[in-house]
Amino acid sequence: MPAPPCASCHASRAALRRPRSGQALCGACFCAAFEAEVLHTVLAGRLLPPGAVVAVGASGGKDSTVLAHVLRALTPRLGISLQLVAVDEGIGGYRDAALAAVRRQAARWELPLTVVAYEDLFGGWTMDAVARSTAGSGRSRSCCTFCGVLRRRALEEGARRVGATHIVTGHNADDMAETVLMNFLRGDAGRLARGGGLGSPGEGGALPRCRPLQFASQKEVVLYAHFRRLDYFSEECVYAPEAFRGHARDLLKRLEAARPSAVLDLVHSAERLALAPAARPPRPGACSRCGALASRALCQACALLDGLNRGRPRLAIGKGRRGW
């Protein structure tokens, strides 16, 4: 049978039903609705003030590609300027192809691009070198822990180099729900307490960060990229199959099959989470080595690098996790 008419414009045939609402829309109306929802998220949350210089964490993947494309379309209404900042983690056979996609995007959209590399920032360490160092330590599955911490630091450094006032990342609703699940499963009260909201305000001199796609499902991010015919890199990182996040993702898929609202329910539960006074993390201070925001004497990045440089990477992971 023929597709129903678009519920918005009534002129074109519907090309999809939105996964959550079931609304039948043509491709153009879906993309317009998606962009309007991102605009509402930014304005309602007061995430990006007029005049902001915004560093977009650009990985070449679907999420950061969609984020950059949408924000570029919304730039006149938001009154912001964009800078793409990409991080080269030093992952052979993977990152070069992803960076090539970022460079194509920057050229096509006429956006400035800055690339920062782990090897330059962290004393010669790359993710491949980290993986080799942890291979015999029983911590080979922790590559994503190292990479997440170092990538956050690298993105901050890249944003500062381009004079950014704000950082945005492409985390979608599924990503955030997975993170909430992981923190519950780890018993990580401190991260649960910090995980709500649409970003971080920029304490201790750190740049404010936000996630404009936090309420957008992964399915709709993929659909937007499809209808806008966006060029992005779609291969999974070579270290991802070993990550704990994969178990949370599998669990989330089963939960969503039983309860379609599970993803957004988890995202909103993190926003409303309140901890008892005894469980609240202490106010962060400054890292004694680099000055970055830290909950202990050393920030996470310096602690991880310290363990690697001593040849004892175990020292850097899991210390004090339940208390901060």
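Because the structure is predicted, anything quoted here is derived from the model rather than measured.

Enquirer: Help me get a handle on the environment of cysteine 237, residues and values and all.
Expert: Along the chain, the position of cysteine 237 falls in the loop between helix 9 (218-227) and helix 10 (245-258). Residue classification places cysteine 237 among the buried residues on the basis of a relative accessible area of 18%. Each C-alpha atom, one on cysteine 237 and one on arginine 95, is 8.3 Å from the other, the two residues being 142 residues apart in sequence. Contact partners of cysteine 237, with chain neighbours within four places excluded, come to Ile91 and Tyr94.

Enquirer: Quick one: what's the story with the nonpolar core, residue by residue and with numbers?
Expert: If you look at the biggest cluster of nonpolar residues, it comprises 42 residues, and the most contacted ones within it are Phe34, Leu48, Val56 and Val66. If you list the elements that add at least two residues to this core, you get helix 1 (27-44), strand 3 (53-57), helix 2 (62-78), strand 4 (81-88), helix 3 (95-109) and helix 9. Each residue touching leucine 48, except ones within four places of it in the same chain, is listed here: Val42, Val54, Leu71, Ile80, His166, Val168 and Cys210.

Enquirer: Residues and numbers for the UniProt feature "binding site: ATP" (unreviewed entry) in the protein, please.
Expert: Those residues carrying the UniProt feature "binding site: ATP" (unreviewed entry) are Gly57, Ala58, Ser59, Asp63, Val87, Gly170 and Asp175 in this numbering. Assignment of secondary structure puts valine 87 in strand 4. We classify valine 87 as buried; its relative accessible area is 2%. Discounting chain neighbours no more than four positions away, the residues touching valine 87 are Ala58, Arg95, Leu99, Val116, Tyr118, Arg151, Ala154 and Leu155.

Enquirer: I'd like to hear about unusual backbone geometry, residue by residue, with values.
Expert: If you check the backbone angles, arginine 46 has positive phi at about 50° while not being a glycine. Tracing the backbone shows arginine 46 in the loop between helix 1 and strand 3. You can call arginine 46 exposed: its relative accessible area is 78%. The phi dihedral of glutamate 110 is positive, around 55°, even though this residue is not glycine. Tracing the sequence through the fold places glutamate 110 in the loop between helix 3 and strand 5 (113-117). Given a relative accessible area of 71%, glutamate 110 falls into the exposed group.

Enquirer: Account for the packing of aromatic side chains, naming residues and giving values.
Expert: Counted under the stated rule, the structure contains five aromatic pairs. With 5.5 Å between their ring centres and 65° between their planes, tyrosine 118 and phenylalanine 122 make a pair best called edge-to-face. Assessed through its relative accessible area of 1%, tyrosine 118 is described here as buried. Classification of phenylalanine 122 by relative accessible area gives buried; the value is 7%.

Enquirer: Quick rundown of helix 11 (residues 262-272)? Include the residues and the values.
Expert: Within helix 11, burial applies to Ala262, Val263, Leu266, Val267 and Ala270. Mapping the buried residues of helix 11 onto a view down its axis gives an arc of 140°, with all of them on the same face. The inward-facing, buried residues of helix 11 abut helix 7 (173-186) and helix 10.

Enquirer: Quick rundown of the pattern of salt bridges? Include the residues and the values.
Expert: As enumerated under the stated definition, the model contains 16 salt bridges in all. Close ionic contact of arginine 151 with glutamate 89 constitutes a salt bridge, the shortest N to O distance being 2.6 Å. You can see arginine 151 sitting in helix 6 (residues 143-161) and its partner glutamate 89 sitting in the loop between strand 4 and helix 3, a full 62 residues away along the chain. One network of salt bridges, with partners in common, ties together Arg18, Glu37 and Glu220.

Enquirer: Quick rundown of the environment of proline 201? Include the residues and the values.
Expert: Counting through the fold element by element, proline 201 comes out in the loop between strand 7 (199-200) and strand 8 (209-210). It is 9.1 Å that separates the C-alpha atoms of proline 201 and leucine 47, two residues lying 154 residues apart in sequence.

Enquirer: Talk me through the side chain of glutamate 220; I want residue IDs and the actual numbers.
Expert: Within the secondary structure layout, glutamate 220 lies in helix 9. Excluding anything up to four places from it in sequence, glutamate 220 contacts Arg18, Pro19, Phe30 and Phe34.

Enquirer: Describe in detail the environment of cysteine 26, supporting the description with residues and values.
Expert: Positionally, cysteine 26 belongs in the loop between strand 2 (24-25) and helix 1. Placed 15 residues apart in sequence, cysteine 26 and alanine 11 show a C-alpha to C-alpha distance of 9.0 Å. Apart from residues lying up to four places away in sequence, cysteine 26 is in contact with Cys6, Cys9, Ser12, Arg13, Ala14, Ala15 and Leu16.

Cut-offs applied
- Residues numbered from 1 in each chain as written.
- Predicted model: local features only at pLDDT ≥ 70, side-chain atom pairs only at ≥ 80, totals over all residues.
- Heavy atoms only, no water.
- Helix = DSSP H or I, 4+ residues; strand = E, 2+ residues; numbered from the N terminus.
- Buried < 20%, exposed > 50% of the residue type's maximum accessible area, 1.4 Å probe, protein only.
- Contact = heavy atoms within 4.5 Å.
- Core = buried A, V, L, I, M, F, W, Y, C linked by side-chain atoms within 4.5 Å.
- UniProt positions renumbered as here; feature names shortened; annotations may be inferred.
- Phe/Tyr/Trp six-rings, centres within 6.5 Å; stacked < 30°, edge-to-face > 60°.
- Arc of directions from axis to C-beta.
- Salt bridge = Lys/Arg side-chain N within 4 Å of Asp/Glu carboxyl O.

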